[in-house]
Structures are given as C-alpha cells and as structure tokens.
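Coordinate analysis (summary)
Below, each chain spelled out in residue letters.
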Amino acid sequence: MNTGEVMRFAWQGVTANKTRSALTTLGILIGVAAVIILVAVGTGSSKAVQDQISALGSNTLTVTASSTQGGGVGGGPFGGGGGGFPGLGGGEDQATSQNATQTRQPELTIADARAIAESADAPDVLGVAPVVNAQDVTATYSGASHSVGTFTGTTPAYLPIDNTAVTYGQSMTDADYTSHRRVALVGVSVAEDLVGDDVESLVGETVSFNGLSFEVLGILEKKGSTGPQDQDDRVLAPATAVQDTLAGYGALDSISVKATSADGVDAATSQVQAILDAQHGVTSADRDYSISSASSILSAATSSNQTFTVLLGAVAAISLLVGGIGVMNIMLVTVTERTREIGIRKAIGAGKGAIIGQFLTEAVLLSLFGGVVGVAIGLLGSQFTIVGVEPVVAPYSVFLAFGVAIVIGLAFGLYPANRAASLRPIDALRYE
C-alpha cells in the first residue's frame, strides 16, 4: 500500500464521523489557542513594564533611605550645604552644625542632594532632583474634584531626569523653587477630571489642593497607562511649596539622579555612594540608604515577567495534554469499532506498517486540524486587550504550540495504531 492510499483511507476514517472528529480536535484547538493567548498576555505585560521603566531612562538612579540606622555627621532635613546649585535653590536652608556627631534616623535631606550636585567628584552625574511626596491630595476646581494619584514636590531638574515634558503652558523655574511659589504642573488625567477634554484651558487657572491654592503653570505630556497604573494621574510642584503646605519639613522621600549616559550608570552610582557615605558618616557595611537604577529594575522586572510568562504557557500546555488524551481515547474507540475492517485488510495482504500508518495518520490529521484552527483563534484573540494588558504575540509560541500539537498526535496515536496493527487477522474477522 503506497502513501497515497494510506492518506486516502485515513481521510475517510476521519470524515466518516464528522461530529466525533470535530469534538476530538476541540481539545487540541483549545490547548493551542490558550498557549498562544496566554503567552501573548505574559509577553505584553512584560513589554508594558519594560516600556514604563525604560521611559525613566536607562541612566536614571533613585536614592532612597534604607531601614538600617547608622552613625553620621549631623545634617537634618535642611542642614549642611554651602552655595546653591541649579534646581535646588541656594543657601536658604537652615544650617546645622557640620561637626556635631550624632545618631541619626535613616533619611535623605536637601543637603544630601546639594552635596551630590555640587561635588566635583561626580563627573558622571548630569542632574539631581530631590523628591517629596504628598499623600491623600484632592484637587478641586469649579465644583469638580479629583483624588490625585501622585503629588510630587521637586525641582525643575526633575523633568529631564524623568523624561517628562510640558505639552501646554510652561514649566516651573528655579525662581519658583527659591521663592516657595505655589505653582503646579498637572497631568492629563487630573486636568480631564477637572475641566474635561479641553485640558489647555486649565493653564493659568488656580486649583485647590486640599484647600490650598496653586496656580497651574502647564499640562504635562501624556504618558498613558500601564495596566491599572495611570502615569498621567499626577501633579508636580516646587518642593519648597509642597513642604510649606502639604508634606511638612521632613526628610526627602528620594533623590533622583541622572547619569551622563547609560554606560556611566555604574560610575555615577559609585560617585554618589562616595559622596553620601561622607555625608552620612557610613561605610559600605552600614549604609543607611540604597541606590537603584532603571536598568537594574528593568533586569529584575524582565526576569520576573519571563517566569510569569513561562508559568502561563505551562498552564495552557496542560490543556494540550488533555487534548492529546482525547485523541488517544477516540482512536482506541475507532480501532475497536473497525476491528473487522482491520481483519479484512490484513487478510488481503495489508502489512503491519500500512495499518500503523493509516491510524497514525488519522491521529495526526485530528491534531493538525485542531492546531490550524487553534492558531487562527489564538492570533485573533491576541488582538484584544485582556485584563488591561495589550497582548503581544510571541512568534515562538505559535510554532511551539502548533509543533507540540502535531507531536501529541503522533505520540498519543501511536498506541492505538500499534494495537490495531497487532490484531491477528483470524481474531479480527471473528470480532462482532
């Protein structure tokens, strides 16, 4: 029996009971589609996180206070520091004794930010900005109100560090910072809730934040959302004004630092560490602060999302396995139903290879149909946003899912085919 005849008999066997064949392929179809869609969701989630972190810039550093206490040189929230520098105002801070040694709580101060920015030992540092966050801030304007997601007090230097631009109006200036002027840059989501789609009309108006009036200088460029996080639900204002009104004169929440280039991140990190070690009177063994970079966060996030994607794919692959079991079950039933047919074919000279080839081909055809339709449904389903994530189809998942479907057809069809070929002609002919 040649290959053409084997294919013809297999096709006839598959199409003899169309409903049963369709239901059998359904398991493979669902498995293939699930693998493609879930891997696409995982890949899309990973891409969204990467885009969000990359938007900060690969040369961005964030300095935060750690939970470890250490001894250090005095320098309270506004202590230390000589002359001013762009973006941090100048010598308006109340000085404290630079020689008084004391035990201090882990904290970052304006003096720390100034030391980094003014140091000649930090050639790889391009920009520095202190960050103070006000909590539970509600914006109100002409009867409309909005609960602000993030209210950040900082300096003009923060915008280029954060890769943020002003779409309408103008940015705040160093003079706004030094004069403690109550001005604000408003995110698109905040502006839309206050004035609707015409966000530009909010420029120049006075908005109340927790009952305190701030003039809106400009509207920040739209950055969009990443899953449930809205990057446009924020307000930026001079740190001095925020400390005067909403946050109080405590420690900084963080210090944002921009390296001169992505290649200079490691060098900038070392330079910032040396400066802060001297400021805080600590060493590498007992530092009371930590430095993270966008690149390190990106690496960790990518690794985490890859694990998440693999887990999603593995869960979906279980349905492929179940589909394979369904194929084997139906093929065993088919062998039982066609026992007499098998006996007749063997009696007239069909060899074991021909019988195995026929039933194995039937199993592969069932998997092939399910695989093709599953790929189509998987690609179609990946065009829709799922749980707030824009799926991104990974080409490898398409080929992998389809290939596994065919392999499953071969693997799970082999036992029924071999069982059919092993029947003795005399026993098969006697089978009722």
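Conventions adopted
- Residues numbered from 1 in each chain as written.
- Predicted model: local features only at pLDDT ≥ 70, side-chain atom pairs only at ≥ 80, totals over all residues.
- Heavy atoms only, no water.
- Core = buried A, V, L, I, M, F, W, Y, C linked by side-chain atoms within 4.5 Å.
- Buried < 20%, exposed > 50% of the residue type's maximum accessible area, 1.4 Å probe, protein only.
- Helix = DSSP H or I, 4+ residues; strand = E, 2+ residues; numbered from the N terminus.
- Contact = heavy atoms within 4.5 Å.
- Axes fitted to C-alpha atoms, helices over the stretch in contact; angles between N-to-C directions.
- Nonpolar A, V, L, I, M, F, W, Y, C, P; charged D, E, K, R; others polar.
- Phe/Tyr/Trp six-rings, centres within 6.5 Å; stacked < 30°, edge-to-face > 60°.
- Parallel < 35°, antiparallel > 145°, perpendicular 65-115°, else oblique.
- Left-handed = near helix turned anticlockwise from the far one by under 90°.

Moving on, we come to the nonpolar core. The biggest cluster of nonpolar side chains holds 49 residues, and the ones touching the most others in it are Phe151, Leu202 and Phe209. With five residues, helix α8 (residues 265–280) is the single largest residue contributor to this core. Ignoring any residue separated from it by four or fewer positions in sequence, one finds phenylalanine 151 in contact with Val132, Asn133, Ala134, Val137, Phe209, Val235, Ala237, Val242 and Leu246.

Let us look at helix α7 (residues 239–247). Here α7 lies mainly inside the structure; seven of its nine residues are buried. Among the residues of α7, those classed as buried are Ala239, Thr240, Ala241, Val242, Gln243, Thr245 and Leu246. Check the buried side of α7 and you find it contacts β4 (125–134), β7 (150–154), α5 (174–178), β10 (206–209), β11 (212–220) and β14 (234–238). Just downstream of α7 lies glycine 248, where phi reads positive at about 80 degrees.

Right, let's talk about the packing of helix α10 (residues 339–347) against helix α11 (residues 352–381) for a bit. At a minimum axis separation of 10 Å, α10 and α11 run at an interaxial angle of 145 degrees. The segment α10 lies against α11, with Glu341, Ile342, Arg345 and Lys346 engaging Ile355, Gln358 and Phe359. Per-class residue counts for the contact of α10 with α11 are three nonpolar, one polar and three charged.

We now examine the packing of aromatic side chains. Pairs of aromatic rings are described using the distance from one ring centre to the other and the angle between the two planes. Applying the stated criterion across every chain, the model contains three aromatic pairs. Pairing phenylalanine 151 with phenylalanine 209 gives two aromatic rings, centres 5.1 Å apart and planes at 70 degrees, and the pair type is edge-to-face. Separated by 58 residues along the polypeptide, phenylalanine 151 in strand β7 and phenylalanine 209 in strand β10 bring together distant segments of the chain. A single burial state applies to phenylalanine 151 and to phenylalanine 209, both of which are buried. Exposure remark for phenylalanine 209: the relative accessible area of 0% places this residue in the buried category. Following the ring pairs from residue to residue traces out a cluster consisting of Phe151, Phe209 and Phe214.

The subject of this paragraph is the packing of α11 against helix α12 (residues 395–421). Taken N-terminus to C-terminus, the directions of α11 and α12 make an angle of 155 degrees; their axes are 7 Å apart at the nearest point. Overall, the two elements α11 and α12 adopt an arrangement that is roughly antiparallel. Crossing geometry of α11 relative to α12 is assigned as right-handed.

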